[in-house]
Amino acid sequence: MIIIKSSDEIKRIREAGKIVGTAIKKIENLIEPGMTTAEIDDIVQSTITKMGGRPAFKGYRGFPASACVSVNEEVVHGIPGSRKIRSGDIVGIDVGVEYQGCYADAAATFPVGKISEQASTLINVTRKALSAGIEKCVVGNKLYDISHAIQKVVENAGFSIVRDFVGHGVGLKLHEDPPIPNYGLPNRGPTLKKGMVFAIEPMVNMGNYSVKILKNNWTVVTCDGSLSAHFEHTVVITPEGSDILTFW
Ligand code: MG
């Protein structure tokens, strides 16, 4: 069942979203070669707690950190640690926050130092795919209109969209119904209604879309070792269209 949020709940999801956005913006400003992924996690954690939120990922199904930090061929769910990021890397940061019982979730992929032109295209296409999906968040549209719009942008650019991980409803819990695949046929699925809140999150691989999970039981990597990028926003459907709640 897709939960319709009250205006009071949306207010609190928006507050959670502000904290998520602030943490991601901070990383965008500070990320540089030589930083460890654990240092990134520390910055995210302190930003969240200073603003009165709780890192929603920490302890979720045993996840040990406040942010997922996924480098290069890591798709999502990278565990922060002693790895030093280097010039030429692309680094995905995924942050979830709980604020007064409400949740928001967002992610972005940032270049570190000088990256290849193809890596830069991958990042831009992934960001564009997320925007194309968000544009379909309109009352009366069908859920898979979002999925289809994302897939089209990615495949037209010659990249592939990950199948095994998908977006989701969010707000009163970190993960709610419905699952939101980033691929599919338009004009299908539940009808979008005012007050639905979605975490839309395309994961885009430069090579094949197949992925696998490493032995740490968390980190998802591309099977062919190609680079992967990830962008995510928490979005509420409004009478006029939609509103991004995780802005930076
Ligand atoms: Mg998510």
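This section reports on the structure supplied with the text. (Residues numbered from 1 in each chain as written. Predicted model: local features only at pLDDT ≥ 70, side-chain atom pairs only at ≥ 80, totals over all residues. Heavy atoms only, no water.)

What follows covers the pairing of strand 15 (residues 241-244). Pairing of strand 14 (residues 233-238) with strand 15 involves four bridges; the strand directions are antiparallel. The partner of valine 235 across the bridge, within strand 15, is isoleucine 244. What sits between the antiparallel neighbours strand 14 and strand 15 is a turn of two residues. (Pairing = 2+ DSSP bridges. Helix = DSSP H or I, 4+ residues; strand = E, 2+ residues; numbered from the N terminus.)

Okay, helix 3 (residues 117-135) next. Counted at 1.5 Å a residue, the expected span for helix 3 with its 19 residues is 27 Å, and the 27 Å between its end C-alpha atoms agrees. Buried residues of helix 3: Ala119, Leu122, Ile123, Val125, Thr126, Ala129, Leu130, Ala132, Gly133 and Ile134, and no others. (Expected span 1.5 Å × (residues − 1). Buried < 20%, exposed > 50% of the residue type's maximum accessible area, 1.4 Å probe, protein only.)

Right, let's talk about the layout of surface pockets for a bit. Roughly 490 Å³ of volume is contained in the largest pocket. Of all the secondary structure elements, the ones that give two or more residues to the lining of the largest pocket are strand 7 (167-169) and strand 8 (176-180). Among the elements that line the lining of the largest pocket, the one with the most residues is strand 8, at four residues. Along the lines of polarity and charge, the residues of the lining of the largest pocket split into 12 nonpolar, five polar and seven charged. Lining the second largest pocket are 19 residues, with Ala108, Arg127, Phe231, His233 and Trp248 positioned closest to its centre. It is helix 3 that contributes the most residues to the lining of the second largest pocket, seven residues altogether. Residue composition of the lining of the second largest pocket, by class: 11 nonpolar, six polar and two charged. (1 Å grid on protein atoms, 1.4 Å probe; cavity = no way out; pocket = protein on both sides within 12 Å on 5 of 7 lines; lining within 4 Å. Points joined across faces, edges and corners; volume = space filled by probe spheres on them. Nonpolar A, V, L, I, M, F, W, Y, C, P; charged D, E, K, R; others polar.)

Reading across the sheet, the three strands line up as 6-10-13 and stay open at both edges, with antiparallel pairing between neighbours. Looking at the sheet topology across the chains shown, the edges are occupied by strand 6 (160-161) and strand 13 (228-230). Bridge count between strand 10 (residues 203-205) and strand 13: three bridges; the pairing is antiparallel. Directly across from valine 204, in strand 13, lies its bridge partner alanine 229. The sheet strands contacting helix 3 are strand 10 and strand 13, and the helix crosses strand 13 at an angle near 35 degrees. (Contact = heavy atoms within 4.5 Å. Axes fitted to C-alpha atoms, helices over the stretch in contact; angles between N-to-C directions.)

For the pair helix 3 and helix 4 (residues 143-156), the least separation of the axes is 8 Å and the interaxial angle reads 155 degrees. As the angle between them shows, helix 3 and helix 4 are arranged roughly antiparallel. Helix-helix and strand crossings are classified by hand; for helix 3 and helix 4 the assignment is right-handed. On helix 4, the residues that touch Val125, Lys128, Ala129, Ala132 and Gly133 of helix 3 are Ile146, Ala149, Ile150, Val153 and Val154. Split into classes, the residues belonging to the contact of helix 3 with helix 4 amount to eight nonpolar, one polar and one charged. (Parallel < 35°, antiparallel > 145°, perpendicular 65-115°, else oblique. Left-handed = near helix turned anticlockwise from the far one by under 90°.)

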